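Architecture and fold: a report
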Amino acid sequence: PDPFETVEVLVNTWPTSRWLGEQLATANGISSLVRSPFPGSRLRQLVRPVLDLPDHEEDPWRATSLVWTVLELMPALLEQPVAQPLRAWLQQRDGEASGLSRDRWQLARAIAGAFDDWALYRPESLRSWSPGQGSRAASAETDWQPWLARQLAASLHRQPFGLQVQSAVERLRSGAVDPKVLPKVIRLFGISALAPVQVELIQVLSGCTDVQVYLLTPCRDLWQ
(Lines give C-alpha, C1' and ligand atoms only; values in the text may rest on other atoms or scores of the structure.)
Protein backbone atom coordinates (compact mmCIF):
# COMPACT_ATOMS: atom_id res chain seq x y z
CA PRO A 1 0.00 0.00 0.00
CA ASP A 2 0.92 3.67 -0.17
CA PRO A 3 3.39 4.53 2.65
CA PHE A 4 0.86 7.00 4.11
CA GLU A 5 -2.10 4.62 3.91
CA THR A 6 -3.38 3.09 7.13
CA VAL A 7 -3.84 -0.67 6.80
CA GLU A 8 -6.48 -2.45 8.89
CA VAL A 9 -6.20 -6.08 9.93
CA LEU A 10 -9.02 -7.44 12.08
CA VAL A 11 -7.87 -9.68 14.95
CA ASN A 12 -9.58 -11.31 17.91
CA THR A 13 -7.08 -10.46 20.65
CA TRP A 14 -4.62 -7.72 21.54
CA PRO A 15 -1.65 -10.16 21.86
CA THR A 16 -2.36 -11.31 18.29
CA SER A 17 -2.03 -7.73 17.03
CA ARG A 18 1.26 -7.32 18.91
CA TRP A 19 2.65 -10.58 17.51
CA LEU A 20 1.52 -9.70 13.98
CA GLY A 21 3.15 -6.26 14.19
CA GLU A 22 6.41 -7.85 15.30
CA GLN A 23 6.30 -10.36 12.45
CA LEU A 24 5.64 -7.62 9.88
CA ALA A 25 8.53 -5.58 11.28
CA THR A 26 10.83 -8.61 11.14
CA ALA A 27 9.88 -9.43 7.56
CA ASN A 28 9.75 -5.89 6.16
CA GLY A 29 12.12 -3.97 8.42
CA ILE A 30 9.27 -1.75 9.65
CA SER A 31 5.64 -2.02 10.73
CA SER A 32 3.89 1.33 10.55
CA LEU A 33 0.32 2.57 10.14
CA VAL A 34 -1.14 -0.88 10.80
CA ARG A 35 -4.33 -0.85 12.87
CA SER A 36 -5.77 -4.01 14.43
CA PRO A 37 -9.39 -3.44 15.45
CA PHE A 38 -11.56 -6.22 16.82
CA PRO A 39 -14.30 -7.61 14.54
CA GLY A 40 -17.11 -6.57 16.88
CA SER A 41 -16.27 -2.87 16.89
CA ARG A 42 -15.16 -2.66 13.24
CA LEU A 43 -18.19 -4.45 11.82
CA ARG A 44 -20.46 -2.15 13.83
CA GLN A 45 -18.69 0.78 12.19
CA LEU A 46 -19.12 -0.74 8.73
CA VAL A 47 -22.88 -1.15 9.20
CA ARG A 48 -23.44 2.55 9.99
CA PRO A 49 -22.73 4.02 6.53
CA VAL A 50 -24.69 1.19 4.91
CA LEU A 51 -27.76 2.23 6.94
CA ASP A 52 -26.95 5.99 6.87
CA LEU A 53 -26.45 6.10 10.64
CA PRO A 54 -24.24 8.64 12.50
CA ASP A 55 -20.58 7.62 12.45
CA HIS A 56 -19.59 8.12 16.08
CA GLU A 57 -22.81 7.46 17.96
CA GLU A 58 -22.43 4.90 20.74
CA ASP A 59 -24.56 1.77 20.46
CA PRO A 60 -27.18 2.02 23.25
CA TRP A 61 -27.60 -1.77 23.24
CA ARG A 62 -24.03 -2.38 24.44
CA ALA A 63 -24.04 -3.57 28.05
CA THR A 64 -22.01 -0.64 29.39
CA SER A 65 -24.67 1.80 28.14
CA LEU A 66 -27.70 -0.46 28.39
CA VAL A 67 -27.27 -0.97 32.14
CA TRP A 68 -28.38 2.63 32.80
CA THR A 69 -31.58 2.18 30.78
CA VAL A 70 -32.29 -1.10 32.58
CA LEU A 71 -31.85 0.68 35.92
CA GLU A 72 -34.34 3.36 34.84
CA LEU A 73 -36.88 0.69 33.90
CA MET A 74 -36.19 -1.47 36.96
CA PRO A 75 -38.95 0.01 39.23
CA ALA A 76 -41.62 -0.51 36.56
CA LEU A 77 -40.25 -3.96 35.76
CA LEU A 78 -40.40 -5.09 39.38
CA GLU A 79 -44.08 -4.09 39.53
CA GLN A 80 -44.95 -6.55 36.76
CA PRO A 81 -46.52 -9.83 37.96
CA VAL A 82 -44.12 -11.82 35.75
CA ALA A 83 -41.14 -10.24 37.54
CA GLN A 84 -41.70 -12.26 40.72
CA PRO A 85 -38.39 -14.17 40.34
CA LEU A 86 -36.51 -10.86 40.19
CA ARG A 87 -38.33 -9.48 43.24
CA ALA A 88 -37.59 -12.66 45.18
CA TRP A 89 -33.91 -12.47 44.22
CA LEU A 90 -33.64 -8.87 45.38
CA GLN A 91 -35.54 -9.48 48.64
CA GLN A 92 -33.06 -12.18 49.57
CA ARG A 93 -30.21 -9.69 49.18
CA ASP A 94 -31.25 -6.10 49.83
CA GLY A 95 -34.60 -6.64 51.56
CA GLU A 96 -36.91 -3.69 51.11
CA ALA A 97 -34.18 -1.30 49.96
CA SER A 98 -35.16 1.08 47.17
CA GLY A 99 -33.14 3.24 44.81
CA LEU A 100 -29.71 2.27 43.59
CA SER A 101 -27.95 -0.43 45.58
CA ARG A 102 -25.10 -2.79 44.84
CA ASP A 103 -27.48 -5.72 44.33
CA ARG A 104 -29.76 -3.77 41.99
CA TRP A 105 -26.71 -2.66 40.03
CA GLN A 106 -25.46 -6.25 39.76
CA LEU A 107 -28.88 -7.42 38.60
CA ALA A 108 -29.19 -4.63 36.03
CA ARG A 109 -25.65 -5.30 34.78
CA ALA A 110 -26.36 -9.01 34.37
CA ILE A 111 -29.58 -8.26 32.47
CA ALA A 112 -27.81 -5.72 30.26
CA GLY A 113 -25.08 -8.23 29.51
CA ALA A 114 -27.64 -10.86 28.51
CA PHE A 115 -29.48 -8.47 26.19
CA ASP A 116 -26.16 -7.37 24.69
CA ASP A 117 -25.39 -11.01 23.90
CA TRP A 118 -28.87 -11.57 22.44
CA ALA A 119 -28.45 -8.51 20.22
CA LEU A 120 -25.43 -10.27 18.69
CA TYR A 121 -26.19 -14.00 18.93
CA ARG A 122 -30.00 -14.19 19.17
CA PRO A 123 -31.48 -11.17 17.36
CA GLU A 124 -34.47 -13.28 16.30
CA SER A 125 -35.53 -13.45 19.96
CA LEU A 126 -35.49 -9.67 20.29
CA ARG A 127 -37.43 -9.36 17.04
CA SER A 128 -40.08 -11.81 18.25
CA TRP A 129 -40.43 -9.80 21.47
CA SER A 130 -40.82 -6.45 19.68
CA PRO A 131 -44.25 -4.72 19.60
CA GLY A 132 -46.61 -6.21 17.04
CA GLN A 133 -44.66 -9.46 16.73
CA GLY A 134 -46.33 -11.34 19.54
CA SER A 135 -44.26 -13.18 22.12
CA ARG A 136 -42.69 -16.57 21.80
CA ALA A 137 -43.38 -19.15 24.47
CA ALA A 138 -41.31 -18.65 27.60
CA SER A 139 -41.05 -20.21 31.02
CA ALA A 140 -42.26 -18.47 34.17
CA GLU A 141 -38.68 -17.50 34.98
CA THR A 142 -38.21 -15.63 31.70
CA ASP A 143 -41.65 -14.12 31.07
CA TRP A 144 -40.36 -10.70 32.16
CA GLN A 145 -37.83 -10.64 29.34
CA PRO A 146 -40.30 -9.92 26.49
CA TRP A 147 -41.82 -7.09 28.55
CA LEU A 148 -38.41 -5.56 29.16
CA ALA A 149 -37.37 -6.01 25.51
CA ARG A 150 -40.41 -4.02 24.37
CA GLN A 151 -39.69 -1.26 26.87
CA LEU A 152 -36.05 -1.09 25.80
CA ALA A 153 -37.01 -0.90 22.13
CA ALA A 154 -39.37 2.00 22.90
CA SER A 155 -36.75 3.81 25.00
CA LEU A 156 -33.67 3.39 22.82
CA HIS A 157 -35.15 4.18 19.37
CA ARG A 158 -32.42 2.15 17.73
CA GLN A 159 -32.33 -1.44 16.50
CA PRO A 160 -29.86 -3.80 18.18
CA PHE A 161 -26.82 -4.69 16.10
CA GLY A 162 -28.11 -8.11 15.02
CA LEU A 163 -31.24 -6.57 13.50
CA GLN A 164 -29.17 -3.77 11.95
CA VAL A 165 -27.09 -6.43 10.19
CA GLN A 166 -30.22 -7.99 8.72
CA SER A 167 -31.26 -4.61 7.32
CA ALA A 168 -27.73 -3.94 6.04
CA VAL A 169 -27.58 -7.34 4.35
CA GLU A 170 -30.82 -6.60 2.49
CA ARG A 171 -29.49 -3.23 1.29
CA LEU A 172 -26.16 -4.70 0.20
CA ARG A 173 -27.81 -7.54 -1.71
CA SER A 174 -30.18 -5.15 -3.47
CA GLY A 175 -27.30 -2.97 -4.66
CA ALA A 176 -28.66 0.10 -2.86
CA VAL A 177 -25.29 0.90 -1.20
CA ASP A 178 -22.63 3.12 -2.77
CA PRO A 179 -19.39 1.05 -2.79
CA LYS A 180 -17.46 4.21 -1.89
CA VAL A 181 -18.77 4.01 1.70
CA LEU A 182 -17.08 0.62 2.13
CA PRO A 183 -13.36 -0.05 2.63
CA LYS A 184 -11.47 -1.31 -0.41
CA VAL A 185 -10.11 -4.30 1.50
CA ILE A 186 -11.25 -6.11 4.66
CA ARG A 187 -8.55 -8.32 6.18
CA LEU A 188 -9.28 -10.89 8.90
CA PHE A 189 -6.29 -12.53 10.57
CA GLY A 190 -6.38 -15.66 12.73
CA ILE A 191 -10.03 -15.23 13.78
CA SER A 192 -11.37 -18.54 15.06
CA ALA A 193 -14.95 -17.60 15.99
CA LEU A 194 -17.59 -15.08 14.90
CA ALA A 195 -21.27 -14.65 15.64
CA PRO A 196 -23.59 -15.91 12.86
CA VAL A 197 -24.72 -12.37 12.00
CA GLN A 198 -21.07 -11.29 11.69
CA VAL A 199 -20.35 -14.19 9.33
CA GLU A 200 -23.43 -13.32 7.25
CA LEU A 201 -22.36 -9.67 7.05
CA ILE A 202 -18.83 -10.59 5.93
CA GLN A 203 -20.21 -12.97 3.31
CA VAL A 204 -22.38 -10.23 1.81
CA LEU A 205 -19.58 -7.65 2.00
CA SER A 206 -17.40 -10.01 -0.02
CA GLY A 207 -19.71 -9.37 -2.96
CA CYS A 208 -19.00 -5.63 -2.76
CA THR A 209 -15.39 -5.40 -1.61
CA ASP A 210 -12.23 -7.51 -1.34
CA VAL A 211 -12.37 -9.71 1.78
CA GLN A 212 -9.10 -11.47 2.69
CA VAL A 213 -9.07 -14.17 5.37
CA TYR A 214 -5.74 -15.28 6.87
CA LEU A 215 -5.79 -18.57 8.76
CA LEU A 216 -3.28 -19.64 11.37
CA THR A 217 -1.88 -23.17 11.20
CA PRO A 218 0.78 -24.84 13.37
CA CYS A 219 2.51 -26.41 10.36
CA ARG A 220 2.23 -26.65 6.59
CA ASP A 221 1.84 -30.43 6.74
CA LEU A 222 -1.81 -30.02 7.79
CA TRP A 223 -2.62 -28.65 4.32
CA GLN A 224 -1.18 -31.60 2.44
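For the structure itself, consult the block above.
For the structure given in this document, a descriptive report is provided here.

Cut-offs and rules
Residues numbered from 1 in each chain as written. Predicted model: local features only at pLDDT ≥ 70, side-chain atom pairs only at ≥ 80, totals over all residues. Heavy atoms only, no water. Helix = DSSP H or I, 4+ residues; strand = E, 2+ residues; numbered from the N terminus. Rg over C-alpha atoms; globule rule 2.2 N^0.38 Å. Buried < 20%, exposed > 50% of the residue type's maximum accessible area, 1.4 Å probe, protein only. Contact = heavy atoms within 4.5 Å. Lys, Arg positive; Asp, Glu negative; His and termini not counted. Charge placed at Lys NZ, Arg CZ, Asp CG, Glu CD. Salt bridge = Lys/Arg side-chain N within 4 Å of Asp/Glu carboxyl O. Phe/Tyr/Trp six-rings, centres within 6.5 Å; stacked < 30°, edge-to-face > 60°.

1. A closer look at the overall build of the protein chain
Counting secondary structure elements, the protein chain contains 9 helices and 4 strands. Of the regular secondary structure in the protein chain, the N- to C-terminal order runs β-α-β-α-α-α-α-α-α-α-β-α-β. For 224 residues, the compact-globule estimate of 2.2 N^0.38 gives 17 Å, and the protein chain exceeds it by more than 25% at 22 Å. If one aligns the C-alpha atoms of the protein chain with their principal axes, the spans along those axes are about 65 × 40 × 40 Å. Split into buried and exposed, the 224 residues of the protein chain put 39% on the buried side. Long-range pairs, those at least 24 residues apart, make up 71% of the contacts in the protein chain with a sequence separation of at least 6. Taking the 22 positively charged and 24 negatively charged side chains of the protein chain as two groups, their mean positions are separated by 1 Å.

2. Examining the pattern of salt bridges
What the rule picks out here adds up to 5 salt bridges. In this structure, R35 and E8 form a salt bridge, with 2.4 Å as the shortest nitrogen-oxygen distance. With R35 in strand β2 (residues 34–35) and E8 in strand β1 (residues 7–8), this pair connects stretches of sequence that are 27 residues apart. The class for E8 is buried, based on a relative accessible area of 17%. Linking R42 and E8 is a salt bridge whose minimum nitrogen-to-oxygen distance equals 2.6 Å. Placement of R42 in helix α2 (residues 39–50) and of E8 in strand β1 is noted, with a sequence separation of 34 residues between them. Like R42, the residue E8 is buried in the burial classification. Salt bridges here are not isolated pairs; linked through shared partners, they connect E8, R35 and R42.

3. Concerning the packing of aromatic side chains
Counted according to the given criterion, the structure contains 6 aromatic pairs. Taking the centre distance of 4.9 Å and the plane angle of 70° together, the rings of F115 and W118 count as edge-to-face. Of this pair, F115 and W118 both sit in helix α5 (residues 102–121), separated by 3 residues, roughly a single helical turn. The exposure class assigned to F115 is buried, which follows from its relative accessible area of 1%. Note on W118: relative accessible area 11%, which makes it buried. Consider the rings of F189 and Y214, whose centres lie 6.4 Å apart with planes at 40°: the pair is tilted. Linking F189 in strand β3 (residues 185–189) with Y214 in strand β4 (residues 210–214), this pair joins segments that are 25 residues apart in sequence. A relative accessible area of 11% places F189 in the buried class. With relative accessibility at 37%, the residue Y214 sits in the partly exposed group. Through pairs of rings, three or more aromatic residues link up here, namely W19, F189 and Y214.

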